[in-house]
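An overview of the molecular structure
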Amino acid sequence: MMKTTRTDLRNLAIIAHVDHGKTTLVDGLLQQAHVFHENKVIRERVLDSNDLEREKGITILSKNTAIEIADTETDQLIKINIVDTPGHADFGGEVERVLNMVDGVLLLVDAAEGPRPQTRFVLQKALELGHKVIVVINKVDRKLADSSQVLNDTFDLFIELGASEDQASFPVVYAIATQHRAGHTPDVGPDLQPLFETILKSIPAPVVEIDHPLQMLVTSLEYDNFRGATAIGRIFAGEIKVGEQVVYLTSDSKIIPGEISYLYDYQGLDRREVDQARAGEIVAVAGLEGITIGDTISDPQNPISLPRIKVEAPTVRMSFGVNTSPFFGKEGTWKTSRKLHERLFREIKSNLALRVEETKNTDTLLVSGRGELHLAILIETMRREGYEFHVSRPEVILQTSSSGEILEPFEEVRIEINPDDIGIVMESLNNRQGELKEMRELSTGTVLLTFLAPTRGILGFRHHFLTMTKGTGVLNTAFHSFAPQAGSVDARSHGSLVAWETGITTTFGLKNAEGRGTLFIGPGIEVYRGMVVGENQRPDDIEINVCKAKHLTNMRNSIREINQRLVTPREMSLDQCIEFLADDEFLEVTPKNLRIRKRILDHGTRIRESKREEEKVIG
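Because the structure is predicted, anything quoted here is derived from the model rather than measured. (Residues numbered from 1 in each chain as written. Predicted model: local features only at pLDDT ≥ 70, side-chain atom pairs only at ≥ 80, totals over all residues. Heavy atoms only, no water.)

Observations regarding the overall build of the protein
Within the protein, the secondary structure is distributed over 16 helices and 37 strands. Long-range pairs, those at least 24 residues apart, make up 70% of the contacts in the protein with a sequence separation of at least 6. When the accessible surface of the protein is totalled, it reaches about 28400 Å², and 48% of it is carbon and sulfur. (Helix = DSSP H or I, 4+ residues; strand = E, 2+ residues; numbered from the N terminus. Contact = heavy atoms within 4.5 Å. Areas by Shrake-Rupley, 256 points an atom, 1.4 Å probe, with all protein chains shown as cover.)

A closer look at the pattern of salt bridges
Side-chain pairs of opposite charge can arise where the charged atoms are in close proximity. A full pass over the atoms with the stated rule returns 35 salt bridges. A salt bridge links Lys139 to Asp110; its shortest N-O distance comes to 3.5 Å. With a gap of 29 residues between them, Lys139 in the loop between β6 (132-138) and α5 (147-160) and Asp110 in strand β5 (residues 104-110) connect regions that are remote in the sequence. For Arg595, the salt bridge identified is with Glu331, shortest N-O distance 2.7 Å. (Salt bridge = Lys/Arg side-chain N within 4 Å of Asp/Glu carboxyl O.)

What about the sheet that holds strand β35 (residues 542-544)?
Across the sheet, four strands lie side by side as β32-β34-β30-β35; this open sheet has mixed pairing. Only two strands of the sheet have a single neighbouring strand rather than two, namely β32 (517-519) and β35. Recorded for the sheet is a direction-independent mean angle of 30 degrees between the axes of neighbouring strands. By the bridge criterion, three bridges tie strand β30 (residues 496-499) to strand β34 (residues 532-536) in an arrangement that is antiparallel. When the sheet's bridge partners are listed, Val498 is paired in β34 with Val532. Along the sheet, helix α13 (residues 507-514) makes contact with β30, β32 and β35, crossing β32 at roughly 145 degrees. (Pairing = 2+ DSSP bridges. Axes fitted to C-alpha atoms, helices over the stretch in contact; angles between N-to-C directions.)

Describing the packing of helix α10 (residues 422-431) against helix α12 (residues 461-468)
For any two helices packed against each other, one specifies the crossing angle of their axes together with the interaxial distance. Axis separation between α10 and α12 bottoms out at 10 Å; the angle between their running directions is 160 degrees. As judged from the angle between their axes, α10 and α12 are roughly antiparallel. As for how α10 packs across α12, the hand of that crossing is right-handed. Along the contact surface, α10 presents Ile424, Val425, Ser428 and Leu429, while α12 presents Phe461, Phe465 and Met468. Residues belonging to the contact of α10 with α12 are distributed by class as follows: six nonpolar, one polar and no charged. (Parallel < 35°, antiparallel > 145°, perpendicular 65-115°, else oblique. Left-handed = near helix turned anticlockwise from the far one by under 90°. Nonpolar A, V, L, I, M, F, W, Y, C, P; charged D, E, K, R; others polar.)

A short note on the packing of helix α1 (residues 22-32) against helix α7 (residues 193-202)
At a minimum axis separation of 11 Å, α1 and α7 run at an interaxial angle of 90 degrees. Put simply, α1 runs roughly perpendicular to α7. Along the contact surface, α1 presents Leu25, Leu29 and Gln32, while α7 presents Gln193, Leu195 and Phe196. The residue inventory of the contact of α1 with α7, partitioned by class, reads four nonpolar, two polar and no charged.

Structural notes on the packing of aromatic side chains
Following the criterion strictly, the structure yields nine aromatic pairs and no others. Centroid distance Phe327 to Tyr528: 5.0 Å. Interplanar angle 90 degrees. Geometry classified as edge-to-face. Here Phe327, found in the loop between β20 (316-321) and α8 (337-350), pairs with Tyr528, found in the loop between β33 (526-527) and β34; they are 201 residues apart in sequence, far enough to count as distant. The exposure class assigned to Tyr528 is buried, which follows from its relative accessible area of 0%. What links up through ring pairs into an aromatic cluster is the set Phe155, Phe158 and Phe170. Sitting over the face of the ring of Phe236, Arg234 holds its NZ or CZ atom 5.2 Å from the ring centroid. (Phe/Tyr/Trp six-rings, centres within 6.5 Å; stacked < 30°, edge-to-face > 60°. Buried < 20%, exposed > 50% of the residue type's maximum accessible area, 1.4 Å probe, protein only. Lys NZ or Arg CZ within 6 Å of the ring centre and 35° of its normal.)

Remarks on α13
With six of its eight residues buried, α13 lies for the most part within the structure. All buried positions along α13 are accounted for by Thr507, Phe508, Gly509, Leu510, Ala513 and Glu514.

Section: unusual backbone geometry
Although it is not a glycine, Asp75 adopts a positive phi angle of roughly 65 degrees. Asp75 gets classed as exposed once you look at its relative accessible area, which sits at 67%. The backbone of Ser253 sits at a positive phi, close to 65 degrees, despite the residue not being glycine. Mapped onto the elements of the fold, Ser253 is located in the loop between β13 (245-249) and β14 (255-259). Using a relative accessible area of 66% as the deciding quantity, one classes Ser253 as exposed.

Concerning the pairing of strand β4 (residues 77-84)
With seven of eight residues buried, β4 is to be regarded as a mostly interior element. Relative to β4, strand β2 (residues 9-16) is paired through six bridges, and the arrangement is parallel. Along β4, the bridge assignment pairs Leu9 with Lys79.

As for α7
By the criterion of burial, α7 is predominantly enclosed, with seven of the ten residues buried. For α7, the set of buried residues is Pro194, Leu195, Phe196, Thr198, Ile199, Leu200 and Ser202.

Focus: the confidence of the model for the protein
Summing up the model confidence of the protein, the mean pLDDT is 86 and the portion of residues at 70 or higher is 90%. This model gives residues 36-50 a pLDDT under 50, and the stretch forms 37 contacts once residues within four places in sequence are excluded. Below pLDDT 50 for its whole length, residues 56-61 participates in 28 contacts with residues either more than four positions away or in separate chains. (pLDDT = per-residue confidence, 0-100.)

Some details on the side chain of Glu331
Mapped onto the elements, Glu331 comes out in the loop between β20 and α8. Within the structure, the side chain of Glu331 is placed 2.5 Å from the side chain of Thr590, a separation counted as a polar contact. Contacts of Glu331, omitting those with residues within four sequence positions, involve Glu388, Thr590, Pro591, Lys592, Asn593 and Arg595. (Polar contact = N/O pair within 3.5 Å; in protein donor to acceptor, adjacent residues only side chain to side chain.)

Some words on the environment of Thr400
Inspection of the secondary structure assignment puts Thr400 in strand β25 (residues 399-400). Assessed through its relative accessible area of 54%, Thr400 is described here as exposed.

Take a look at the structure:
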């Protein structure tokens, strides 16, 4: 078969650490390629399309877009398919699969911060696939920018990750993404033209077999009530047409026939309906029900499967169960075990790094992911869709080596803190079995500490870290490897304040509880027996009556009751609630509220069960 070079096409992904400017740079590329009408008002980070991404300021789902620019040397109009990828390691499954669609990547590095843990993660995946890399040193206008040092650090990272000689001789472009400017030196030009020129010169054009039977690898899935499953991927060989009879090859080697009912390519931010597409293109097809990520769409006469996408195994799991609290059904739209099953098993079709397993209890499922944030985003997405359920404390997933040794996941932990905080942070991580690998002073006056720590020790650490560093510290983690189990890890040092009875909280009851610790709720809130309403100062749990009313004998006492002032309760975000959970607690999740509760709500039953567990351990 003859191979053809598609000189009219480039496929590239933009990869970087969180908050180094990927999505902002895509905004600039779209603006300069005149994707938008002149009078159209464009919001920032236009590709961060869902509410969660815009709130958290991070990319969670990979996005496809495309621009057309003219090659100044040949006057040929060239289409560039661009994939914006997540920068956080917890969404590594997204990165790993979309990199299969492209021939090269733009690696963004902050001119002040340099390569970070997630920079290493996403770059390693690109290099393993043999992709050509363009390094974009962004934010060169920052006060503490040191472009030459960052370039040296980036080169060292390429060598450390085993880049080939060709990959290590990468082109460099300097940019200020927020101003849509780039240049071949830190003194950037008026627009992004130098970056466009570098993309055309350095990102290889797809080399394809147009006359070969059809082969298309599915790398993403979307669902539409009108069209059903929409499979997104790259055509590696042949052509695809609307109305064409095809087959798709599944993971268990089944060959399932189907018909292409809709076919789209990308133009700017929109999908454009087309009649046919050729090898090298990134397209979306509809009409193939039951198709999953990693399947190959192929010619019925000559079905040949492409290598399936491999994603690293999950490291953390939580149980998702039907809400069993006394407030069940009051706030959620979808609350039955059937709806929970349907939603979670639908999620794994498009969320490749997620695993969902049945348990002996039909009302409970075990959900495994790449980290706390990966699972927290799923929980937040489901509650916004109207689901009501409870989740358990995250736990690490263990593996067994060929010799029978138990292995647990370890994380590379990189911490940037003020010198005054070194002692307390190092002591805390040592208690969590963290091992210091490197310590160096940065040009910003802060200190960078690199630890290797078991994932088990990092669960629930982030909130304590922010408290220790008074909110000034920066913590990044990335999965490192599975290794023999470390020693014991310090458990949560504070117990819970637990509601004694069901009712509505009063100022009097809460005022009495304030001396015991930190409250999570204010007056006039509905609570139930066994619900956690605060954090105890001591390691044990305490039952408190937050619904207790003061017996008022006259008007003067009544006025005094109204004038009592409570300390502002600590508002707990979803991430903080998950970090706070103890082994004997659940987090009740509804569209309106997050409530921490004891697994066993009755105090007496809880104590009896605790004694029984202790006797088992002693026995």
